[in-house]
Amino acid sequence: MSIFSLKGKKGLITGIANNKSIAYGCAKMIHEAGAEIALTYQNEKTKKYTEDLAKSLDAKLFLEFDVTVEGSLENVFSAIEKKWGKLDFFIHAIAFSKAEDLHTSIINTSADGFAFAMDVSCHSFLKMAKCATPLMKDGGAMLTLTYYGAEKAIENYNIMGPIKAALESSVRYMAKDLGEKGIRVFAVSPGPVDTRAGSGIKDFNQLLDSAKEKSPMKKLVTLEEIGNLAAFLVGPGSTGMTGQTIFVDAGYHIIG
Ligand code: NAP
C-alpha cells in the first residue's frame, strides 16, 4: 500500500467554518487519501455553512462542538467511541481571541482576555488529547495549527504570538509523554491564508502581500498544500517523526 494512503484510518477534524478554512483543506486531502472522517461545527449558525461540506466529504459523524461549553468535547468523543471504538488521528484547528484583546499591544491585554484566548486556542488541544488518548489504541497522530508569530514578533499578531508559542511548546511535551504509546504530535505552521480567523488580524491583506513578496517561492500556500502536509503527518509516511513544528509557508520562515 502507498505510504500516502490513509485507507482504514479514522480521524476527527475540528475548525471548519467554511470552504476557506484551513481545516477544510486538511479534511479534503485526508478524505481523498482514503480516511474516514468525523467533523464538527461550533453552533447552529456555523452548521448552515458547513453541512454541505460535511456531505461532500462523506463525513461519518457531524457533531456540534464548542470548546467553551462544558461537556461539549466529551460528547464528541463519546460519539466517536460509539461509532468507531477507536481513533487514529485528530486535527485541532481552532483559535479565538476577543477583538479588544487582539487589537492592542499585548501589555494592554486583560488577564481575563488572555486566559480566555489561551483556553480556546491552546488548552483545548490538551483537553482533546486527553479524550483522544484512550481511543488511540494502535497509536495515532495529533495535529494542531500554529503560526510563525509564535517565534517572531509579527506586526498585529499581538496576543496570539505568546499563545501559539505555548501551543508549540505543548506539542513538544505531549510528544514526550505520548511517544511510548505510539502517539505522535505535531504543529503545522502555514503561511498566511485568507480565512475568517485570518481576517480578524488588523491589516491582514498587508501580511498576505508581504508573505507572497518575501517568500522564496513568491506565492501564498494553498489549502490543498496545507492539507497534503496534514495527510502526510497523520499517515504511515511519517511514523518516525514527532514533536515538531513544521512550516508550510513557501519558505518564508528561512528568510532573514
Ligand atoms: P477559520 O476558518 O475561521 O477557522 C477557525 C475555527 O475555529 C472556526 O471553525 C471556528 O468556529 C473555530 N472556533 C473558534 N472558537 C471555537 C470554540 N470555542 N469551539 C470550537 N471551535 C471554535 O480560520 P483558520 O485560519 O482556518 O484557522 C484555523 C487554525 O489555523 C487556527 O488555529 C489559526 O490560528 C491557524 N492558522 C491560521 C493562519 C491563517 O493565516 N489563516 C495561519 C497559520 C495558522 P466558528 O467558525 O463557528 O466560529
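Residues numbered from 1 in each chain as written. Predicted model: local features only at pLDDT ≥ 70, side-chain atom pairs only at ≥ 80, totals over all residues. Heavy atoms only, no water.

(A) Region of the structure containing the site of the ligand. In the vicinity of the ligand there are 28 residues, among which Ser21, Gln42, Thr46, Thr195 and Arg196 approach most closely. Within the backbone of Ile22, an N or O atom sits 2.9 Å from an oxygen atom of the ligand. Between a nitrogen atom of the ligand and a side-chain N or O atom of Asp66, the distance comes to 2.9 Å. Protein contact buries 92% of the 890 Å² of open area that the ligand shows by itself. Taken together, the residues that form the shell around the ligand break down as 17 nonpolar, eight polar and three charged. (Near = heavy atom within 4 Å. Polar contact = N/O pair within 3.5 Å; in protein donor to acceptor, adjacent residues only side chain to side chain. Areas by Shrake-Rupley, 256 points an atom, 1.4 Å probe, with all protein chains shown as cover. Nonpolar A, V, L, I, M, F, W, Y, C, P; charged D, E, K, R; others polar.)

(B) Spatial organisation of the packing of helix 1 (residues 22–32) against helix 8 (residues 223–233). Look at helix 1 against helix 8: their axes get within 7 Å of each other, and the N-to-C directions meet at 60°. Relative to helix 8, helix 1 is oriented oblique. Considering only the axes of helix 1 and helix 8, their crossing is right-handed. For the pair helix 1 and helix 8, the contacting residues are Ile22, Tyr24, Gly25, Cys26, Lys28, Met29 and Ile30 in the first and Leu223, Glu224, Ile226, Gly227, Asn228, Ala230 and Ala231 in the second. Taken together, the residues of the contact of helix 1 with helix 8 sort by class into nine nonpolar, three polar and two charged. (Axes fitted to C-alpha atoms, helices over the stretch in contact; angles between N-to-C directions. Helix = DSSP H or I, 4+ residues; strand = E, 2+ residues; numbered from the N terminus. Parallel < 35°, antiparallel > 145°, perpendicular 65-115°, else oblique. Left-handed = near helix turned anticlockwise from the far one by under 90°. Contact = heavy atoms within 4.5 Å.)

(C) Molecular detail of the pattern of salt bridges. Using the criterion set out here, one finds nine salt bridges in the structure. For Lys86, the salt bridge goes to Asp138, with nearest N and O atoms at 3.6 Å. Of this pair, Lys86 sits in the loop between helix 3 (72–84) and strand 4 (89–92) while Asp138 sits in the loop between helix 5 (111–132) and strand 5 (140–145), and the two are 52 residues apart along the sequence. The salt bridge partner of Glu225 is Lys219, with a shortest N-O separation of 2.5 Å. Relative accessible area serves as the criterion here: at 27%, Glu225 is assigned to the partly exposed category. (Salt bridge = Lys/Arg side-chain N within 4 Å of Asp/Glu carboxyl O. Buried < 20%, exposed > 50% of the residue type's maximum accessible area, 1.4 Å probe, protein only.)

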